[in-house]
Each structure stands twice: as structure tokens, then as C-alpha cells.
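# Summary of structural features
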Amino acid sequence: MNTRIVSIFVFILTTVLRVDAQDKITLREELRPGETAVVSLEFKAQGDLLIPQGANKESAQKFTALGRFIYEEKGLAIEEDAKGVSNKSLRYYTASSVESVVDSTRIARELREPVRVMVCEVRDGRPFVFSPAGPLTVDEYELVEADATLDSLVLGGLLPGESVAAGDQWTPTDAAVAAVFNLTQVTENKLGAKLESFDDSSAKISMTGHFSGIASGAKSTRTVAAQVVFDRARSKITQLDLSHSEEREMGPLGHALRVKATYNFRRNTEAEIVRLNEKALEKLPVASNPATEQLGYVQPDGKYRFYFQRGWFVTLTNPQAAVMRLVEQGQFVSECHVLAAPTVAAGTHMKPDEFRSQVQQALGKQFQQFIQEGEVPAPKGYWIYRLAAAGV
């Protein structure tokens, strides 16, 4: 009888110790070179663009947007001289489209076939995407980076990175929130996360709260609710379903807006990889260079094109001109107007007086005075005239 009681006690004690040893788990993503997955992200959004009408009044333009991205992804090793890069992957976008409708006007954007192969690097904590095939267009850049959110290489930043028990809560860092939700900076962070439950294969996490920061140079406040699934065996977030509402003030790159959106993220680590096979990648350069990091703009009627550094954004485009604005660290720096010069006879060029008149006309009420002008050295066969003006 005593032997039986002792045996039962030992069994109970062993069971309790086993539960205690398993009551905490580590939630940390591990992204290893050579690992592959198929990632998908779909979103739906609807809201109002708030258009100024003068005298502190505004009108609301209804808009909707649908986005769908699917890409194969393969982890890459980081080069020794790649300063500030913490993660790197190669992608092939099998689907990449956003369709929006603003007051019955439909706008569709999609990647061209040559640039569907992309390299994504996490530089100083933020995603940086480029294509080995050449510069992205303005629309393509907005698709995969400028307006992108929930990038697969930075999602893991939402996790605590340490052992937690069911019911434990934490606040993702400001840097993680900025990277995941594509903010230049975070000014307030009240986003909370909680480990709801876990078993041997997965963990379920909830996230709720709000945060504020700078998005596209404008103040933005978002309220978020999300459910996250973490695969314990593969140390990856494999599912995230998120809803959010946002209020954004008018900024240098666009109107104020109110929007509600839902996002559905999936990462399938067992899916077959077709495009990113060894033969296809044998001679593919995966290091960036100044050319692949540039962006390209083509005038709507095709008369001219030009390339420029990231940080500049095209805010207005029509057959007559392209208006660009430079935003650095969320701050508006300067504006540039690009116009096509009139056609002239071979061997001649626009007269300085005509150039001066066109510049003044383009600046309109912003013009005050010209402060400097004159010819500057140019390669053979070219004529360059520099004109500097002051304005408001």
C-alpha cells in the first residue's frame, strides 16, 4: 500500500515538473540563408481623401483599394562589407498589384516582368528593396516599398525575443513598429501584444492598441487589432490577420485621409519554390549598385524620361510637367518642377530669356526674384544654363 502511494506521488511530481518546464517559450524569428517560403499579403481598404476647399473647409472623396502580393522568398547570406544590413532575401513576385478607385476613377499598378525578381535588405532596421534587373519606376517603388507594410523580413520585430508564458504581455519597440507599419518615426506607441496560448507546434498571439508617427511626411495615428500565429518548429510568423483604422493629416506628399483596412499575411514554409532555383540564380547579381537603387520616371506621353535618387517623390504628373518633392526623415526639404523644353532646330538651343520666362511662369505666385544665372560647363554637344530663383 505504501509503495503504491509513493509511486503515485512520484508520478504526480514528475508531471508537475514537466508542466513547469514547459510553461514558457521563446518567441523569436530566425531567418537563415537558404531557407525558402511562399509569402502572400492581401489587403482591402476604404475611406475618404479630405480635399481642402479654402476657409478651413474640406470635401471628402471616397476611395477604395485592393492589393495582392505573392512572392517566393529565399534567404541570402549577408556580404561582409554590407554595413547596417541585418537580413537579406531574394524574391520573385508571382503577383503584385494594387487597384484603387477614387471617385469612380480607377488606377491600377503592377510590377513589370523584368523587375519581378527583387532583393530585399533590412538596412538599419528598415526594408530596402531593389531589382538586379534595373531601376524601379515610381509606381513600382510605391508598390513594394514606399507604401508597403507588413514586410516578411521585419515582422519578427513584433515578437519579444525572450521567454514568455501564456498570458504575458509586451510592447513592441518603436523601431519595430516603424519598420512593420512603414513609418518614418514613431511619436507615441501604445501597441500591446499578448501570448494567448501555445502547444508543441505553434503559439497564438493577439495585438491591440494604437500608435502615432510620421507616414509620407504627415502625422498619422492608427488603431490596430491583430491575431498572429507563430510556428515554433520553424521560428517564423506564418499567419497574421490585422485590421486597422488610420487618420492622417495633410502632408507634402498627399491629402489628409481617413481609412479602414484589413490585412491578411501568410507564409508557407513548405511550398514548392519554382522561380528561385539554383540554375536561374547562378549568374544573378544580388548586391546593389547606384543604378539599381535609382528610380525612373517616364512622362505620360513618352517624350522624356529621367532617373533620380530615392527620397524624391512625384506628387503631380501630366503631359506638361512632373512635380517632385524631396522628403528626408519625414521632413519636406524642397520641390522640383521638370518640364520638357520646346523643340528647336538642330544645332540651336533655347534662348536664356525664354528659359527665364518659362521658369517664372512655372513658379507662379511663389516666384520672388532671380538671384543667379549663367552658362555652366557641359560635355561636347550639350548646352547647360543654370538659373537660381528665390520664392515662397
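Parameters at a glance
Residues numbered from 1 in each chain as written. Predicted model: local features only at pLDDT ≥ 70, side-chain atom pairs only at ≥ 80, totals over all residues. Heavy atoms only, no water. Pairing = 2+ DSSP bridges. Helix = DSSP H or I, 4+ residues; strand = E, 2+ residues; numbered from the N terminus. Axes fitted to C-alpha atoms, helices over the stretch in contact; angles between N-to-C directions. Salt bridge = Lys/Arg side-chain N within 4 Å of Asp/Glu carboxyl O. Buried < 20%, exposed > 50% of the residue type's maximum accessible area, 1.4 Å probe, protein only.

### As for the pairing of strand S18 (residues 312-317)
Examined bridge by bridge, S18 and strand S19 (residues 321-328) share five bridges and lie antiparallel to one another. Each bridged residue has a counterpart across the sheet, and for phenylalanine 313 the counterpart in S19 is arginine 325. Between the antiparallel neighbours S18 and S19 lie three residues.

### Points about the sheet that holds strand S20 (residues 331-339)
Taken in spatial order, the three strands line up as S18-S19-S20 in an open sheet, and their pairing is antiparallel. This sheet does not close on itself; its edge strands, each paired only once, are S18 and S20. Adjacent strand axes in the sheet meet at a mean angle of 25°, parallel and antiparallel pairs treated alike.

### Some remarks on the sheet that holds strand S8 (residues 136-137)
The strand order across the open sheet built from three strands is S8-S16-S17, with neighbouring strands paired in mixed fashion. Each of the sheet's edge strands pairs with one partner strand only, and the pair in question is S8 and strand S17 (305-308). Note: S8 against strand S16 (residues 295-298), two bridges, orientation parallel. Across the sheet, the residue bridging to threonine 137 is glycine 296, located in S16.

### A word on the pattern of salt bridges
Once their charged atoms are close, side chains differing in charge can pair, the charge on each being opposite to the other. If you walk through the whole model with that rule in mind, you get 28 salt bridges. Residues glutamate 246 and arginine 248 are paired through a salt bridge, measuring 2.8 Å at the closest nitrogen-oxygen approach. A salt bridge links glutamate 373 to arginine 356; the shortest N-O distance between them is 2.6 Å. Placement of the pair is glutamate 373 in strand S21 (residues 367-376) and arginine 356 in helix H6 (residues 352-363), with a sequence separation of 17 residues. Glutamate 373 gets classed as partly exposed once you look at its relative accessible area, which sits at 35%. Overlapping salt bridges, with partners in common, bring together Glu79, Lys88, Glu121, Arg123 and Glu293 in one network.

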